[in-house]
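As a plain string of letters, each chain reads:
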Amino acid sequence: MPLSLRLAPSPTYLAPTTGGFSPAKKQCRISYSGVATKTRRIGFCSLDSVRRGDSYVVRCSLETVNVSVGQVTEVDKDTFWPIVKAAGDKIVVLDMYTQWCGPCKVIAPKYKALSEKYEDVVFLKLDCNPENRPLAKELGIRVVPTFKILKDNQVVKEVTGAKYDDLVAAIETARSASSSG
């Protein structure tokens, strides 16, 4: 539900431009634990301000993202890192794919089955479309599918190509390192 709030212009928060203040766009993330034991939620609050006369109208919209184990969660450039952080000490496996990739389509049902098998691991999917290109570049993707395995916000393993056995071995290795460390 949008929230409207009228604020007087403040030079502390809005940068001055010629003849007044410019509209500001801010984003904040609010994390909190979900009720279910297998779920964590992240809230995103986007603030947009628009000048009206001698005041500003600020709109805030709150959106929540559920992070669950036992299923595959679709992420994008805005939700990926908050979800990884919300996963806490859990292993996170990211499938980086494209809609047109044949091998991606072949391994997708197997990846879903892995999410149901490993209930202590968070499974994510990122469509490497133009909108998500900055995140794909940040993660160093060169081919699809690419699977990144993260622990404590860091990539610890990578599997390139639709290599199911290699993916399972990488998950097992990360899980055993996690349980012994």
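Everything numeric in this text was worked out from a predicted model, so none of it was measured. (Residues numbered from 1 in each chain as written. Predicted model: local features only at pLDDT ≥ 70, side-chain atom pairs only at ≥ 80, totals over all residues. Heavy atoms only, no water.)

Participant: Give me the packing of aromatic side chains: which residues, what numbers.
Facilitator: On inspection of all chains with the given rule, the structure shows 3 aromatic pairs. Relative to Trp81, the ring of Phe80 has its centre 4.8 Å away and its plane inclined at 70°; by these criteria the two rings are edge-to-face. Residue Trp81 is classed as partly exposed on the basis of its relative accessible area, which comes to 21%. Ring centres of Tyr111 and Phe147 lie 5.6 Å apart, and the angle between their planes is 40°; on these two criteria the pair is classed as tilted. Note that Tyr111 is positioned in helix H2 (residues 102-117) and Phe147 in strand S10 (residues 146-151), a separation of 36 residues in sequence. These aromatic residues form a ring-pair network of at least three members: Tyr111, Phe123 and Phe147. Between Lys110 and the ring centre of Tyr164, over which it is positioned, the NZ or CZ distance is 5.7 Å. The ring of Tyr97 is capped by Lys125, whose NZ or CZ atom sits 4.4 Å from the centre of that ring. (Phe/Tyr/Trp six-rings, centres within 6.5 Å; stacked < 30°, edge-to-face > 60°. Buried < 20%, exposed > 50% of the residue type's maximum accessible area, 1.4 Å probe, protein only. Helix = DSSP H or I, 4+ residues; strand = E, 2+ residues; numbered from the N terminus. Lys NZ or Arg CZ within 6 Å of the ring centre and 35° of its normal.)

Participant: So what about unusual backbone geometry? Which residues, and what values?
Facilitator: In this structure, the amide linkage connecting Val144 to the following residue, Pro145, adopts the cis form with an omega of -5°. If you trace the backbone, Pro145 turns up in the loop between helix H3 (133-138) and S10. Its identity as a non-glycine residue notwithstanding, Asp152 has a phi of 55°, on the positive side. With respect to the element layout, Asp152 can be found in the loop between S10 and strand S11 (154-160). You can call Asp152 partly exposed: its relative accessible area is 49%. The phi dihedral of Asn153 is positive, around 65°, even though this residue is not glycine. Taking the relative accessible area as the measure of exposure, Asn153 reaches 31% and is therefore partly exposed.

Participant: Hey, could you go over the pairing of S10 for me, with residue numbers and the actual values?
Facilitator: The buried fraction of S10 amounts to 6 of the 6 residues, a majority that puts the element mostly inside the structure. Because side chains alternate across S10, one face comprises the buried residues Thr146, Lys148 and Leu150, and the other comprises Phe147, Ile149 and Lys151, equally buried. Pairing between strand S8 (residues 91-97) and S10: 5 bridges, direction antiparallel. Looking at S10, one finds that Val93 is bridged to Ile149. Pairing analysis gives 6 bridges linking S10 to S11, with the strands arranged antiparallel. Following the sheet pairing, Leu150 is matched in S11 by Val155. Linking two consecutive strands that pair antiparallel, namely S10 and S11, is a turn of 2 residues; a positive phi of about 55° is found at Asp152 within it. (Pairing = 2+ DSSP bridges.)

Participant: If you had to explain the sheet that holds S10 to someone new, which residues and values would you point to?
Facilitator: Taken in spatial order, the 5 strands line up as S7-S9-S8-S10-S11 in an open sheet, and their pairing is mixed. At either margin of the open sheet sits one strand with a lone partner, and together these are strand S7 (72-75) and S11. Recorded for the sheet is a direction-independent mean angle of 25° between the axes of neighbouring strands. (Axes fitted to C-alpha atoms, helices over the stretch in contact; angles between N-to-C directions.)

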